[in-house]
Amino acid sequence: MGGNRNIVILTGAGVSAESGIDTFRDGGGLWEQHRVEDVATPEAFQRDPDLVLRFYDKRREAVQTKEPNAAHNALARLEAKWGGDVLIVTQNVDDLHERAGAKNVLHMHGELLNAWCTACDARSRWTRPMIDRPACPACSASALRPDIVWFGEMPYRMEEIYGALRQADLFVSIGTSGAVYPAAGFVRDARELGVETLELNLERSEGSSWFDETRLGPATEIVPAWVDEVLAQALESGIR
């Protein structure tokens, strides 16, 4: 890895899959047996809020039973031991990076364990169901929805992400399909900025040709191996 100091890591569903969290869509275009259009758009929430709230209540309950895996733990270890900056930009809405110990995490698609009040715009940590229309802790209105970026909505914290890419020496994409934008375009942005790029994935993504290097295998195997390699090289070269 040479003298790279600042690392931006994009993680997708493949990182959490081995913790038992379903990837976004299966081969039939369904998400946990639901059409995406029925549970993951603002229009769906307006049309059938009970269906959407029950769907996310179920997911919220399930994610709290899962545990970080070796890939999450390895990235947290990299952040703790690396001499430069490490930013994890995740498309995942679970909290497994944080539970593994990572501190510098941006959730561009929102967080399952957050509630967003559409009345006062407050965001609150939320682990309970929403189907019974609970009151917002900040303003007491019954206007909560999952703090999830649905199709047709703008991902969160994009200016921060692009700013980090401009300061990066290495961009790593882990467990992503390369099909969902704007995240799928980060590798092109990084290449245009002269940033070294690496893909770690179970199989090649749709944007695999844009990466300087691709390593294939289960995230729980290839991510810890890569972190070990990076930290060993850093120690040898006296980066930290």
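Note that the structure is predicted; figures quoted are calculated from it, not measured. Throughout, a residue's number is its position along its own chain's written sequence, starting from 1. Only residues with pLDDT of at least 70 are given local features in this predicted model, and only at 80 or more are side-chain atom pairs given and counted; all residues enter the totals for whole chains, interfaces and linings. Water and hydrogen atoms were dropped before computing side-chain values, which therefore reflect all heavy atoms in the structure.

Caption draft 1: Structural context of the sheet that holds strand β7 (residues 123-125). Following DSSP output, two strands are said to pair if at least two bridges run between them. Counting from the N terminus, the helices are DSSP H or I runs at least four residues long and the strands are E runs at least two residues long. Spatially, the 3 strands line up as an open sheet ordered β7-β6-β8, and their pairing is antiparallel. Where the open sheet ends on each side, the last strands, each with one partner, are β7 and β8 (144-148). Pairwise comparison of adjacent strand axes, ignoring direction, gives a mean angle of 45 degrees for this sheet. Both strand β6 (residues 110-117) and β7 contribute to a ladder of 3 bridges, which runs antiparallel. Across the sheet, Asn114 pairs through a bridge with Arg125, a residue of β7. Packing against the sheet, helix α4 (residues 49-63) makes contact with β6 and β8, and its axis sits at approximately 135 degrees to β6. Where helices are involved, their axes are fitted lines through C-alpha atoms of the stretch in contact, as for all axes, and angles between N-to-C directions lie from 0 to 180°. Throughout, a contact is declared for two residues whenever any of their heavy atoms are within 4.5 Å.

Caption draft 2: How the structure looks around empty space enclosed by the protein. Of the two site types, the cavity is a set of points on a 1 Å grid over the protein atoms alone where a 1.4 Å probe fits but cannot get out, and the pocket is an open set with protein on both sides within 12 Å along at least five of seven lines, each lined by residues with an atom within 4 Å of a point. Grid points are joined across faces, edges and corners, and a volume is the space filled by probe spheres set on the points. The final tally for this structure, using the stated rule, is 3 cavities of 30 Å³ or more. In this structure, the largest cavity spans a volume of roughly 110 Å³. In terms of lining, the largest cavity is formed by 15 residues, of which the most central are Ser173, Thr176, Gly178, Ala183 and Ala184. For this classification, the nonpolar set comprises Ala, Val, Leu, Ile, Met, Phe, Trp, Tyr, Cys and Pro, the charged set comprises Asp, Glu, Lys and Arg, and every other residue, Gly included, is treated as polar. Classifying every residue of the lining of the largest cavity by side-chain character gives 8 nonpolar, 7 polar and no charged.

Caption draft 3: Representation of the UniProt feature "binding site: Zn(2+)" (unreviewed entry) in the chain in the model. UniProt positions are given in the numbering used here, feature names are shortened, and annotations may be inferred rather than shown by experiment. Cross-referencing UniProt, the feature "binding site: Zn(2+)" (unreviewed entry) maps to Cys117, Cys120, Cys136 and Cys139 in the present numbering. Maximum C-alpha separation among the annotated residues is 8.7 Å over a sequence range of 23 residues, consistent with a single clustered spot. In this fold, Cys120 is placed in the loop between β6 and β7. On the accessibility criterion, Cys120 (35% relative accessible area) is partly exposed. In this structure Cys120 touches Cys136, Ala138 and Cys139, once residues within four positions along its chain are discounted. On the secondary structure map, Cys136 appears in the loop between β7 and β8. Note on classification: 1.4 Å probe, protein chains only; a residue is buried when its accessible area is under 20% of the maximum for its type, exposed when over 50%, partly exposed between these limits. You can call Cys136 buried: its relative accessible area is 3%. Filtering out sequence-adjacent residues up to four positions away, Cys136 remains in contact with Cys117, Cys120, Ala141 and Leu144.

Caption draft 4: Representation of the packing of aromatic side chains in the model. Classification of ring pairs rests on two measures: the distance between centres of Phe, Tyr or Trp rings, Trp counted by its six-membered ring, which must be within 6.5 Å, and the angle between planes, read as stacked under 30 degrees, edge-to-face over 60 and tilted in between. Applying the stated criterion across every chain, the model contains 5 aromatic pairs. An angle of 15 degrees between the planes, with centres 6.4 Å apart, marks the rings of Phe171 and Phe211 as stacked. Here the residue Phe171 occupies a position in strand β9 (residues 170-174), and Phe211 occupies one in the loop between β10 (196-201) and β11 (213-216), the gap between them amounting to 40 residues. For the pair Phe171 and Phe211, a shared accessibility class is recorded, and that class is buried. The rule is short: NZ of Lys or CZ of Arg within 6 Å of the ring centre and within 35 degrees of the ring normal puts a charge over the ring. The ring of Trp116 carries Arg123 above its face, with NZ or CZ at 4.6 Å from the centroid.

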